[in-house]
Amino acid sequence: MNRLWKFLKINLNNNRSHYFWSIEYFQFKPGQEKLREALCTLGNGYLGTRGAFNETPASRIHYPGTYLAGVYNKLESDIAGKTITNEDLVNCPNWLPLSFKTDTNQDWILPSPQNIVNYFQKLDLKEAALIRNYRIKEGSGKVTSVETKRIVHMGNMHLAVQEYTIIPENYDGEISIRSGLDGNVKNKGVERYSELNSLHLLAESSGDFAENGIYLTVKTSQTNISIAMASKTYLTNNGKELKPISSHIAKDKRAIFQEFKLPVRKKQKYTIVKIVSIYTSQDKDTNNPLQSALDTVGQVSDFSRLFQSHKEEWSKLWDRFDLEIKGHIFSQKILRLHIFHLLQTASQHNPKLDVGIPARGLSGEAYRGHIFWDEVFILPFYDFRLPEVTRSSLLYRYHRLEQARLYARENGYEGAMFPWQSSSTGEEETQVIHLNPESGKWGPDYSRNQRHVSFAIAYLIWQNWIIAGDLDFLSSYGAELLLSIAQFGVSLCSYDPLDQRYHTKGLMGPDEFHEKLPGADEAGFKDNAYTNVMIVWTIQRALEMLSTILPQKLQRELLRKLKISQSSLKKWEEITRKMNIIMDEEGIISQFDGYFTLPELKWNDYRKKYGNIQRMDRILKAEGKSPNDFKVAKQADTLMLPYLFSLAELEKIFHHLGYQFNKKILKKNYNYYVQRTSHGSTLSKVVHCYLSDILGQSQQSWKWFCEVLNSDINDTQGGTTPEGIHTGVMGGSLNIALKRYAGVNLINGIISINPDLPKRWNYIKFKIKFNELWYSLIIEKERIQATLSAIKSVPDDYQVKISVVNKEYLLDMDKTFTFYLNRRSSR
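Please read these numbers as outputs of a predicted model, since none were measured by experiment.

Draft legend 1. How the structure looks around the sheet that holds strand 2 (residues 42-43). In spatial order, the strands read 2-3-4; together these 3 strands make up an open sheet with antiparallel pairing. Of all strands in the sheet, those with a lone pairing partner are strand 2 and strand 4 (66-68), marking the two edges. Looking at chain direction, strand 3 (residues 47-49) and strand 4 are connected through 3 bridges and run antiparallel. Paired with G48 across the strands is Y67, a residue of strand 4.

Okay, structure coming up:
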């Protein structure tokens, strides 16, 4: 396990309980700074700010970035003789600038290895604060201690606050303080996008107000979103208000700075509190972003009160979302880090917004801040705790339903086809060309053919329905979404009278390495197994919803609105019986038609030559070859099916189609595909971990799990995490911990617990919400404790059925029940 702590030092002499809630660094290392900035991002669902120093602008070492959910902008770029358009999550004005200089130094202090004497940095997960303490030694010999604390307020989504304390260690004199709002920023956080245009912001206005306030407004150049920031700065000396000797304003078109000069004495504390309010013209809670920013920042001044209310909001979230694990420090810390980042990306504020969940959260610019299918790994964690977040994400899709219908029609389909990459409008934002960093060449990008993203949305609709049970939401939004996606799935299918089966063509699965058959003129494949099964499942759920859930009046209205006839529904049902799945005599499911004819890759040769071969696609293309020509996958494709669906459900789907599926067939497919997968996506190890546990491969599952946990904290993909954390792998890690290791699942409408705890875990403790009840669970090796409490009033004799290790029990409210297990973990 030593390698798991490569960049994460342990300090067991500190308060141990608090230690389980923090990520700490004890040295300043320039080469790791951008990784730490991503990992130490603070956010609240509306706003995310990377954990960069206050004092530093963007450079080779640092990249301060602030991102507002849903604030996108399109720019054109000329690449390889073509003009392409990309829409990006905009790097908004930098609200962080806060620095100092002494009277013997003409330059503002920039912390660096040359002047940092001592260094400590902590991301406090429990209190959602970023703390930095360091000492700066100047060439003159002056030593200054700096203590900083930063929050992005979880209660008021428009507020961000910094406390910046300076202590002159060995001198008296004067210090100058500079606080600013800097709109001279570009989207430069991803090196491979460096050839693209990156200036998204246009100047609007800037100025000062009161004695200590400044403001800045800018506008995105194409989407015309106004962004307003207002800042107030408060100065104190040992807790008492301090009047500066002098102050002045410096500004240009897109930036404004406020400078103060202070008299200082040795060993005295001088604290600067900077409070910032941010609004945009697309916010629903303002008609005047600048005025709202000025009003909000003018109503608060006390850091301690803001910090206290912020901690109270986070305490409520942790009460719902925390997973407490005893026995394995790394699991505990990193799972909490993952929960922390998900809550910063999608919080209780999301229902007020019209946004999806970007694959890289609000922590960086990779994937241009787009929304893919990662929510299928993320949102099940919310369904049992804060289902409103899932519904807000689904509403983001619903509000773009007409665009999805247009996209389907433009491609010759019916229903709603959602884009592989989505951002503001719901249009397809996938690149048409893509840079290979191995070869330095641009090539075509066919990944938009991953039509399975629509069926991931259908999956989320159904999961939210069966867990949260919100019939109003299903009736008003979910049903139309699900039926429209089912229509699309049906239109992908064509019937072949020769084999009497339905087929699909021109599609890509999750693999992504494979884009077309060798020598083919058109991209996509015939009968991608994952997509075909997802279509069948989506149709089945749509038919079930029509027949057993929706009121008849609403059924008729939706069928009439969507022009779905009874004869069409008969075809839908026929597809669920006659969809083609290619399987060989051993039960191996072919990823697509033609997969079995591809030659094998010489894996060992490539491992010896390149070491890290996760991105085999780039390696092969740099050699003048193509991954299309080999049995090589980026990530789980066919194996996604047993990740999303139980064995019982898959067996039912396959049996209805006239095929066999069971645990033995799953094992064969796992063993076949795991040998042919390079794991070029962090999501791949999530799926393989989950499946290996199903198959009883405990040690292998634990190995995968540690690699899943390790992926972002130590940037195991070599440079991707500094561009933004991976929300999908974070959600996936929690899914493994809860559904496989804790063994908590919803089966036939009741909570089922069948744990398989890792050997290194003593217990896991958490809460889930189902049917207006909170289930508080403590799962140990030899026993399970369950306490149920009702959210609403229930009769005194109210009981709830629960399944523990395949045996059903009736539980009373507000009593703790203990179930003893007769087996031990082998992991």
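Draft legend 2. Here's a closer look at the packing of helix 6 (residues 375-383) against helix 21 (residues 727-741). Interaxial distance between helix 6 and helix 21 falls to 7 Å at its minimum, and their mutual angle equals 50°. Compared by their axis directions, helix 6 and helix 21 come out oblique. Classified by chirality, the crossing of helix 21 by helix 6 is left-handed. Only T727, G728, G731, G732, L734 and L738 of helix 21 make contact with helix 6, whose side of the interface consists of F377, I378 and F381. In the contact of helix 6 with helix 21, the residues fall into 5 nonpolar, 4 polar and no charged.

Draft legend 3. Here's a closer look at the pattern of salt bridges. Counted under the stated rule, the structure contains 37 salt bridges. Residue K142 pairs with D103 through a salt bridge whose shortest N-O separation is 2.6 Å. With K142 in the loop between strand 9 (129-137) and strand 10 (143-152) and D103 in the loop between strand 7 (98-102) and strand 8 (116-124), this pair connects stretches of sequence that are 39 residues apart. The partner of R783 in a salt bridge is E780, with the nearest N and O atoms 2.7 Å apart. According to the relative accessible area criterion, R783 is partly exposed, its value standing at 29%. Overlapping salt bridges bring together E402, R405, E480 and K561 as one network.

Draft legend 4. The environment of K553, seen in detail. Among the structural elements, K553 can be located in helix 12 (residues 552-561). Judged by relative accessible area, K553 falls into the exposed class, the value being 56%. Separated by 269 residues in the primary sequence, K553 and K284 have C-alpha atoms spaced 33 Å apart.

Draft legend 5. Spatial organisation of the sheet that holds strand 29 (residues 783-790). One open sheet accounts for 5 strands, arranged 20-27-28-29-32; its pairing is antiparallel. Edge strands, defined here as strands with exactly one partner in the open sheet, are strand 20 (324-326) and strand 32 (816-820). Strand-to-strand twist across the sheet, computed as the mean angle between neighbouring axes with direction ignored, equals 20°. Sheet topology places strand 28 (residues 773-780) next to strand 29; 7 bridges connect them, and they run antiparallel. Bridge pairing in strand 29 places W774 opposite S789.

Draft legend 6. Spatial organisation of the pairing of strand 15 (residues 226-237). Most of strand 15 is tucked away: 10 of the 12 residues are buried. Bridge count for strand 14 (residues 213-220) against strand 15 is 7 bridges, and the pairing is antiparallel. Within the sheet, the bridge partner assigned to L216 lies in strand 15 and is M229. A loop of 5 residues connects strand 14 with strand 15, the two strands running antiparallel in sequence, and N224 in this loop sits at a positive phi of about 55°. As paired strands, strand 15 and strand 19 (residues 270-280) are joined by 11 bridges and run antiparallel to one another. Residue pairing for strand 19: T233 is matched across the bridge by K274. In textbook terms, the turn of a hairpin is the stretch between consecutive antiparallel strands, and for strand 15 and strand 16 (residues 240-241) this stretch comprises 2 residues, one of which, N238, has a positive phi near 50°.

Draft legend 7. Inspection of the packing of aromatic side chains at higher detail. As enumerated under the stated definition, the model contains 42 aromatic pairs in all. A ring pair is formed by W21 and W318, whose centres lie 4.9 Å apart and whose planes are at 80°; its orientation type is edge-to-face. With W21 in the loop between helix 1 (16-19) and strand 1 (22-25) and W318 in helix 4 (residues 303-321), the pair connects residues that are 297 residues apart, well separated along the chain. Accessibility assignment for this pair places W21 and W318 in one class, buried. Pairing Y413 with F488 gives two aromatic rings, centres 5.6 Å apart and planes at 75°, and the pair type is edge-to-face. On the criterion of sequence distance, the pair formed by Y413 in the loop between helix 8 (401-410) and strand 21 (433-436) and F488 in helix 10 (residues 471-491) is long-range, its members being 75 residues apart. Ring pairs connect the aromatic residues Y367, F372, W373, F377, W420, Y530, Y643 and Y690, which therefore count as one cluster. Of note, K142 hangs over the ring of Y171, and the distance from its end group to the ring centre comes to 4.9 Å.

Draft legend 8. Looking closely at helix 9 (residues 452-468). Compared with the 24 Å implied by 1.5 Å per residue over 17 residues, the 24 Å span of helix 9 between its first and last C-alpha is a close match. With 15 of its 17 residues buried, helix 9 lies for the most part within the structure. The first or second residue beyond helix 9 is G469, which carries a positive phi of 65°.

Draft legend 9. Representation of the nonpolar core within the structure. The biggest cluster of nonpolar side chains holds 205 residues, and the ones touching the most others in it are W373, Y382, W572, W761, F766 and Y775. Ranked by the residues each element gives to this core, the list is headed by helix 11 (residues 529-548), at 12 residues. If near-sequence neighbours (up to four positions away) are discounted, W572 is found in contact with L483, A486, Q487, V490, I539, A542, L543 and I564. Core analysis: the second largest hydrophobic core is formed by 22 residues, I116, Y134, Y164 and I177 among them.

Draft legend 10. Inspection of the pairing of strand 8 at higher detail. Bridge analysis of strand 1 against strand 8 gives 4 bridges, and the strand direction is antiparallel. Residue I23 lies in a different strand from strand 8, and its bridge partner there is L123. With 8 bridges connecting them, strand 8 and strand 9 associate as antiparallel partners. Bridged to N118 within strand 9 is R135. Counting the residues that bridge the hairpin from strand 8 to strand 9 gives 4 residues, and of these A128 lies at a positive phi of roughly 55°.

Draft legend 11. How the structure looks around helix 18 (residues 663-674). With 12 residues, helix 18 should cover 16 Å at 1.5 Å per step; its first-to-last C-alpha distance of 16 Å lies within 8% of that length. Three or more residues of helix 18 are buried, namely I665, L666, N669, Y670, Y672 and Y673. Elements that come into contact with the buried residues of helix 18 comprise helix 16 (640-644), helix 17 (647-657), helix 19 (682-694) and helix 20 (698-713). The residue sitting at the N-terminus of helix 18 and contributing the capping side-chain oxygen is N662; that oxygen lies 3.1 Å from the backbone nitrogen of K664.

The rules behind these values
Residues numbered from 1 in each chain as written. Predicted model: local features only at pLDDT ≥ 70, side-chain atom pairs only at ≥ 80, totals over all residues. Heavy atoms only, no water. Pairing = 2+ DSSP bridges. Helix = DSSP H or I, 4+ residues; strand = E, 2+ residues; numbered from the N terminus. Axes fitted to C-alpha atoms, helices over the stretch in contact; angles between N-to-C directions. Parallel < 35°, antiparallel > 145°, perpendicular 65-115°, else oblique. Left-handed = near helix turned anticlockwise from the far one by under 90°. Contact = heavy atoms within 4.5 Å. Nonpolar A, V, L, I, M, F, W, Y, C, P; charged D, E, K, R; others polar. Salt bridge = Lys/Arg side-chain N within 4 Å of Asp/Glu carboxyl O. Buried < 20%, exposed > 50% of the residue type's maximum accessible area, 1.4 Å probe, protein only. Phe/Tyr/Trp six-rings, centres within 6.5 Å; stacked < 30°, edge-to-face > 60°. Lys NZ or Arg CZ within 6 Å of the ring centre and 35° of its normal. Expected span 1.5 Å × (residues − 1). Core = buried A, V, L, I, M, F, W, Y, C linked by side-chain atoms within 4.5 Å. Polar contact = N/O pair within 3.5 Å; in protein donor to acceptor, adjacent residues only side chain to side chain.

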